[in-house]
Amino acid sequence: MLKTLFTAGATRRATLGATLGLAAALVAGSALPTIAQETKTVKLGYAAWSDAEFVTKLAAKLMTDKLGQKVELVQTDVAPLYQGVSRGDIDAMMMAWLPQTHADYFDKVKNRVETLGTVYEGAKLGWVVPTYIPESEIASIEDLKKPEVQEKLAKTIQGIDPGAGLTRLSQQAVKDYDLSDYKLQISSEAGMLTTVDRAMRGEKWFVATSWSPHWMFGKYKLRYIADPKKSLGEAEHVDVLASKDFKSENPKAAAFLSRMKVPLDDLEAAMFNAQETSYDEAVAKYIEDHPDQVKTWVGEQG
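Position numbers for residues start from 1 in each chain and track the written sequence from start to end. It should be noted that, the model being predicted, local features are given only for residues of pLDDT at least 70 and side-chain atom pairs only at 80 or more, the latter also being counted only at that level, while totals for whole chains, interfaces and linings use all residues. Hydrogen atoms and water are omitted, and side-chain values are computed over all heavy atoms in the structure.

**Q** What am I meant to see in the overall build of the chain here?
**A** Strands are runs of DSSP state E lasting at least two residues, helices are runs of H or I lasting at least four, and both sets are numbered from the N terminus onward. Of the regular secondary structure elements, the chain holds 13 helices and 9 strands. Relative accessible area decides the class of each residue, using a 1.4 Å probe on protein chains only: under 20% of the type maximum gives buried, over 50% gives exposed, and in between gives partly exposed. Sorting the 302 residues of the chain into buried and exposed places 45% on the buried side. We call two residues in contact when some of their heavy atoms are within 4.5 Å. Taking the intrachain contacts of the chain between residues at least 6 apart in sequence as the baseline, contacts between residues at least 24 apart amount to 80%.

Now the structure itself:
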């Protein structure tokens, strides 16, 4: 009888142990997808514009160091950037200039993306001239029609990338202001900056397409000229766009990006620092100099 009871008890303990082991395995198994979701590499996309590059690299650094998040940076042009986010090939981008500059791109994907927040406000597009050109000569885009101004500018407006919203709006401005004698020189940001640098050193006249925030305003003495017809738009906001599933797949990263807001003056100073040193050094200095901002962005997750 004693042997029977002992055997029965051992059997019950073995059965209970197996049951508990199975339950633990099921719980552990159900937790695996959650862990995988939290550690999934986040792909942040950006175009090679200095403001976008800085805020994207700043976000990536903080997500890696403070959230323990794996981040992959994807650099591409504006059009494929929007398409990539809409398809989920890229998780998020931090350079949606709205409501006007990127209106064409955004309208095509707006039902397949989600806006997480605004990185900065007060961004603007425009045409700039060096401050050594008297305002009595060029104060407005209208003044570009003056014969003597046309001659000094060689009937050329220095532009940037062919796919940029600024290029599209500048082409419209040429039509609106009847500047058919002018050539909008399509190039790139780097090409435009090379032309500006060369002209500034020789104090030659030029007009160039530009935008704020940009580090060039920290390096060169430039001013916007008036756009009375508002062809180039007015103040804009720069938003974070994400793929539809991003928030559910990686809530920590999504919450962080939604809280990340950079004051325009701070951003321009950091961008200029990046040009003088490197993006990595400028990002590190920004984090060191703005602990309260960083704490707000990271929240309790960090």
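**Q** When you look at the packing of helix H2 (residues 50–67) against helix H13 (residues 291–298) in this model, what are you seeing that I'm missing?
**A** One can describe the packing of H2 onto H13 by two numbers: an axis separation of 11 Å at closest approach and a directional angle of 70 degrees. Here H2 is positioned roughly perpendicular relative to H13, judged by the angle of their axes. Here Leu 58, Leu 62, Lys 66 and Leu 67 of H2 lie close against H13, whose contacting residues are Val 294, Trp 297 and Val 298. Per-class residue counts for the contact of H2 with H13 are 6 nonpolar, no polar and 1 charged. In this description, a line fitted to the C-alpha atoms serves as the axis of each element, helices being fitted only across the stretch in contact, and the angle between N-to-C directions of two axes falls anywhere from 0 to 180 degrees. Oblique is the label for every angle not falling under 35 degrees (roughly parallel), over 145 degrees (roughly antiparallel), or within 65 to 115 degrees (roughly perpendicular). Residues were grouped as follows: Ala, Val, Leu, Ile, Met, Phe, Trp, Tyr, Cys and Pro as nonpolar; Asp, Glu, Lys and Arg as charged; and all remaining residues, including Gly, as polar.

**Q** Before we go on, may I ask you to explain helix H12 (residues 279–289) in this structure?
**A** An α-helical segment advances 3.6 residues per turn. Residues three or four places apart therefore align on the same side. For H12, every residue scored as buried is listed here: Tyr 279, Ala 282, Val 283, Tyr 286 and Ile 287. Axial view of H12: buried residues confined to an arc of 135 degrees, hence all on one face. Pointing more than 90 degrees away from the buried face of H12 are the exposed residues Asp 280, Glu 281 and Glu 288. Note that the arc is computed from the directions linking the helix axis to the C-beta atoms.

**Q** Can you help me understand the pairing of strand S9 (residues 236–243) in this one?
**A** Among the 8 residues in S9, 7 count as buried, and that is most of the element. Strand pairing is defined by DSSP finding a minimum of two bridges between the two strands. With 5 bridges joining them, strand S3 (residues 92–98) and S9 adopt antiparallel strand pairing. Each bridged residue has a counterpart across the sheet, and for Leu 98 the counterpart in S9 is His 237. Strand direction decides the pairing type here: strand S4 (residues 113–130) and S9, joined by 8 bridges, are antiparallel. Residue Thr 115 lies in a different strand from S9, and its bridge partner there is Leu 241.

**Q** Please clarify how the environment of Trp 127 should be interpreted in this entry.
**A** Relative to the helices and strands, Trp 127 resides in strand S4. As for Trp 127 and Ile 141, which are separated by 14 residues in sequence, their C-alpha atoms are 8.0 Å apart. Among the polar contacts listed, one links the side chain of Trp 127 to the side chain of Ser 170, at a separation of 3.1 Å. Polar contacts, as counted here, are pairs of nitrogen or oxygen atoms within 3.5 Å of one another; within protein the pair requires one atom able to donate a hydrogen and one able to accept it, and residues that are adjacent in sequence qualify only if both atoms are side-chain atoms.

**Q** Honestly, the environment of Val 74 in this entry has me stumped. Any pointers?
**A** Tracing the sequence through the fold places Val 74 in strand S2 (residues 71–75). Along the backbone, Val 74 and Ile 90 are 16 residues apart, and their C-alpha atoms lie at a distance of 7.7 Å. Apart from the residues lying within four places of it in its own chain, the contact partners of Val 74 are Lys 43, Leu 44, Gly 45, Tyr 46 and Ile 90.

**Q** Any chance you could explain the layout of surface pockets here in plain terms?
**A** Empty space among the atoms becomes visible once a probe the size of a water molecule is rolled across them. When its volume is computed, the largest pocket comes out at roughly 250 Å³. The rule is simple: put a 1 Å grid over the protein atoms alone, call a set of points where a 1.4 Å probe fits but cannot get out a cavity, call an open set with protein on both sides within 12 Å along at least five of seven lines a pocket, and count a residue as lining if it has an atom within 4 Å of a point. In this structure, the largest pocket is lined by 17 residues; those nearest its centre are Ala 47, Ala 48, Trp 49, Asp 77 and Asp 161. Counting residues per element, the ones that place at least two in the lining of the largest pocket are helix H3 (78–87) and helix H7 (189–201). Looking at side-chain class alone, the lining of the largest pocket contains 10 nonpolar, 4 polar and 3 charged residues. Lining the second largest pocket we find Lys 152, Leu 153, Ala 154, Thr 156, Gln 158, Thr 195, Arg 198, Ala 199, Lys 204, Trp 205, Phe 206 and Val 207. Secondary structure elements with two or more residues in the lining of the second largest pocket: strand S5 (156–158) and H7. Of the residues that constitute the lining of the second largest pocket, the class distribution is 6 nonpolar, 3 polar and 3 charged. Grid points are joined across faces, edges and corners, and a volume is the space filled by probe spheres set on the points.

**Q** Would you mind going over empty space enclosed by the protein with me for this structure?
**A** Counted by the stated rule, this structure contains 2 cavities of 30 Å³ or more. Here the largest cavity is characterised by a volume of approximately 50 Å³. Lining of the largest cavity is provided by Trp 49, Trp 97, Thr 101, Leu 125, Ile 160, Ala 164, Leu 166 and Trp 211. Of the residues contributing to the lining of the largest cavity, the split by class is 7 nonpolar, 1 polar and no charged. Estimates place the volume of the second largest cavity at around 40 Å³.

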